[in-house]
Amino acid sequence: MPQTTAITRDGRGPMDTYSPRPDRFDSAGQDQLVDVRDLQAALPAIRRLRTWAHEALALRLGESAVDIGSGTGSEVLAFAEAVGPTGTAIGVEPDPNLLASAERRAEQAGSSAKFHSGDAYGIPFGAETFDAALCERVFQHLTAPGRAANEIARVLRPGGRTVVVDVDWGTAIVHPGELSVVRQVIDTLAAATTNPRSGRRLPGLLTRAGLVIDDIGSHALVQERTVGAGSLVTRISAMAVARGAITEAQRDQLLSDLRRGAETGDIHLSVTMFAVLAHKPR
């Protein structure tokens, strides 16, 4: 791969070279330089979509639930409360640091939530173990999302249900800005993501895995208008310059347009997340 310049995940500065390294969800995937977490101002919308997911799963006392890619464990703690002392709430997470954080969080909360090392390709439980499964913002990182859909179907009991949530970077909107420059920035964002149009693919993937689609929800994650370009566009536009898609002057103009848009109220930056509810036939 030719050497270029890229911006680190935390946005603190440039690296001399950029070469993909394994993502925490997929050893063959790209380093995920962009993530919906960059839209910090949109987090209330993520919480609303999570509320939809919990309501759709409708966990009952005594049931067994798993969160695949459970991170620091917040959703597993909610599962544990919903299923009660006779149920089981499990988080599966490949990152040992996040696993340790989740375990500490559960201990501090006095929660019965349990956490296990594993990933979307290898959930460390037998077939037909769980009544419900959640998988949020994992599929965009996967080179073989069909394998993950099959794995979810495998661990669900007949009649079990799942909610899979992911972003679709093909729905990204950046306004104002020269349309050709904006298009190149969005194309760069997609190129930096392993499975950038994951959101639109979820129903088909789950259907092919033998699950039945029951509902589809969506939510546009809109960045706070006063932020201007924000960390996401600032970072991705720098990557677009590094890959030769736009010039430094075009990037400067885009960032200037967005700053001016924030001042005048004529600004919109968003991306859409999709959540699919499905069940395993009896």
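Up top you'll find the structure we're talking about.
Quantities reported herein were computed from a predicted structural model and do not represent experimental measurements. (Residues numbered from 1 in each chain as written. Predicted model: local features only at pLDDT ≥ 70, side-chain atom pairs only at ≥ 80, totals over all residues. Heavy atoms only, no water.)

A.B. asks: Would you mind showing me how to read the environment of Val 163 here?
C.D. replies: Mapped onto the secondary structure, Val 163 falls in strand 7 (residues 156-175). Relative accessible area serves as the criterion here: at 0%, Val 163 is assigned to the buried category. Residues Val 163 and Ile 216, spaced 53 residues apart in sequence, show a C-alpha to C-alpha distance of 9.2 Å. Once residues within four sequence positions are removed from consideration, Val 163 is found in contact with Trp 52, Ala 53, Ala 56, Leu 57, Ala 133, Leu 134, Cys 135, Ala 275, Val 276 and Leu 277. (Helix = DSSP H or I, 4+ residues; strand = E, 2+ residues; numbered from the N terminus. Buried < 20%, exposed > 50% of the residue type's maximum accessible area, 1.4 Å probe, protein only. Contact = heavy atoms within 4.5 Å.)

A.B. asks: Explain the sheet that holds strand 6 (residues 130-136) here, please?
C.D. replies: Each strand in a sheet pairs with its neighbour through backbone hydrogen bonds, running either in the same direction (parallel) or in the opposite one (antiparallel). A sheet is described by the order of its strands in space; here seven strands give the open sequence 5-4-3-6-7-9-8, paired in mixed fashion. Because the sheet does not close on itself, it has two edges, and the strands there are strand 5 (114-117) and strand 8 (212-222). Strand-to-strand twist of the sheet, defined as the mean angle between neighbouring strand axes without regard to direction, takes the value 20°. Note that strand 4 (residues 88-93) and strand 5 share four bridges and pair parallel. Looking at the pairing, Glu 93 lines up with Ser 117 of strand 5. (Pairing = 2+ DSSP bridges. Axes fitted to C-alpha atoms, helices over the stretch in contact; angles between N-to-C directions.)

A.B. asks: Looking at this structure, how should I read the pairing of strand 4?
C.D. replies: The two faces of a sheet get side chains in turn, since along a regular strand they alternate between them. When you tally the buried positions in strand 4, you get five out of six residues, the bulk of the element. Relative to strand 4, strand 3 (residues 64-68) is paired through five bridges, and the arrangement is parallel. The residue bridging Ile 68 from the neighbouring strand is Val 92, located in strand 4. What joins strand 3 to strand 4 is helix 2 (residues 74-83), and the crossover it makes is right-handed. Taken together, strand 4, helix 3 (residues 96-109) and strand 5 form a β-α-β motif whose crossover is right-handed. (Right-handed = clockwise from strand over helix to strand, strands pointing away.)

A.B. asks: Hey, could you run me through empty space enclosed by the protein in this one?
C.D. replies: To find leftover empty space, a probe the size of one water molecule is rolled over the atoms. Applying the stated criterion to the full structure yields two cavities of 30 Å³ or more. Empty space within the largest cavity amounts to approximately 120 Å³. If you trace the largest cavity, you find 14 residues lining it, with Ala 172, Val 174, Leu 189, Leu 232 and Val 233 closest to the centre. No other element matches the four residues that strand 7 contributes to the lining of the largest cavity. Lining the second largest cavity are Ile 46, Leu 49, Arg 50, Glu 136, Val 165 and Met 273. The element best represented in the lining of the second largest cavity is helix 1 (residues 43-57), accounting for three residues. (1 Å grid on protein atoms, 1.4 Å probe; cavity = no way out; pocket = protein on both sides within 12 Å on 5 of 7 lines; lining within 4 Å. Points joined across faces, edges and corners; volume = space filled by probe spheres on them.)

A.B. asks: Is there a simple way to think about the nonpolar core in this case?
C.D. replies: A general tendency of soluble globular proteins is for nonpolar side chains to be buried together. One finds Phe 115, Val 163, Val 233 and Leu 258 to be the most contacted residues of the largest nonpolar core, which totals 49 residues. Of the residues forming this core, the biggest block, six residues, is contributed by strand 7. If you look at the next biggest cluster of nonpolar residues, it comprises 27 residues, including Ile 90, Val 138, Leu 206 and Ala 209. (Core = buried A, V, L, I, M, F, W, Y, C linked by side-chain atoms within 4.5 Å.)

A.B. asks: Please clarify how the packing of helix 4 (residues 145-155) against helix 6 (residues 198-208) should be interpreted in this entry.
C.D. replies: For any two helices packed against each other, the geometry comes down to the angle between their axes and how far apart the axes lie. Between helix 4 and helix 6, whose axes approach to 9 Å, the crossing angle comes to 55°. Classed by the angle they form, the pair helix 4 and helix 6 counts as oblique. Seen from above, helix 4 lies across helix 6 with right-handed handedness. Residues Pro 145, Gly 146 and Ala 149 of helix 4 touch helix 6, and the partners they reach there are Arg 201, Leu 205 and Leu 206. Residue composition of the contact of helix 4 with helix 6, by class: four nonpolar, one polar and one charged. (Parallel < 35°, antiparallel > 145°, perpendicular 65-115°, else oblique. Left-handed = near helix turned anticlockwise from the far one by under 90°. Nonpolar A, V, L, I, M, F, W, Y, C, P; charged D, E, K, R; others polar.)

A.B. asks: Explanation requested: the packing of aromatic side chains in the structure shown.
C.D. replies: Given two aromatic rings, their pairing is described by the distance between the two centres and the angle made by the two planes. Per the stated rule, a full pass over the model turns up one aromatic pair. Ring centres of Phe 125 and Phe 130 lie 5.2 Å apart, and the angle between their planes is 75°; this geometry places the pair in the edge-to-face category. Overall, Phe 125 belongs to the partly exposed group, its relative accessible area being 22%. Taking NZ or CZ as reference, Arg 147 lies 4.0 Å from the ring centre of Tyr 121, over its face. (Phe/Tyr/Trp six-rings, centres within 6.5 Å; stacked < 30°, edge-to-face > 60°. Lys NZ or Arg CZ within 6 Å of the ring centre and 35° of its normal.)

A.B. asks: Hey, could you run me through the pattern of salt bridges in this one?
C.D. replies: Pairing is possible between side chains that carry opposite charge, provided their charged atoms lie close to one another. Applying the stated criterion across every chain, the model contains ten salt bridges. Measuring nitrogen to oxygen at the nearest pair gives 2.9 Å for the salt bridge that ties Asp 131 to Arg 157. Taken together, the residues Asp 131 in strand 6 and Arg 157 in strand 7 connect sequence positions 26 residues apart. The class of Asp 131 is buried, set by a relative accessible area of 15%. Its relative accessible area of 33% is what places Arg 157 among the partly exposed residues. Of the charged contacts, one joins Asp 168 and Arg 200 as a salt bridge, the two residues approaching to 2.7 Å between their closest N and O atoms. With Asp 168 in strand 7 and Arg 200 in helix 6, the pair connects residues that are 32 residues apart, well separated along the chain. (Salt bridge = Lys/Arg side-chain N within 4 Å of Asp/Glu carboxyl O.)

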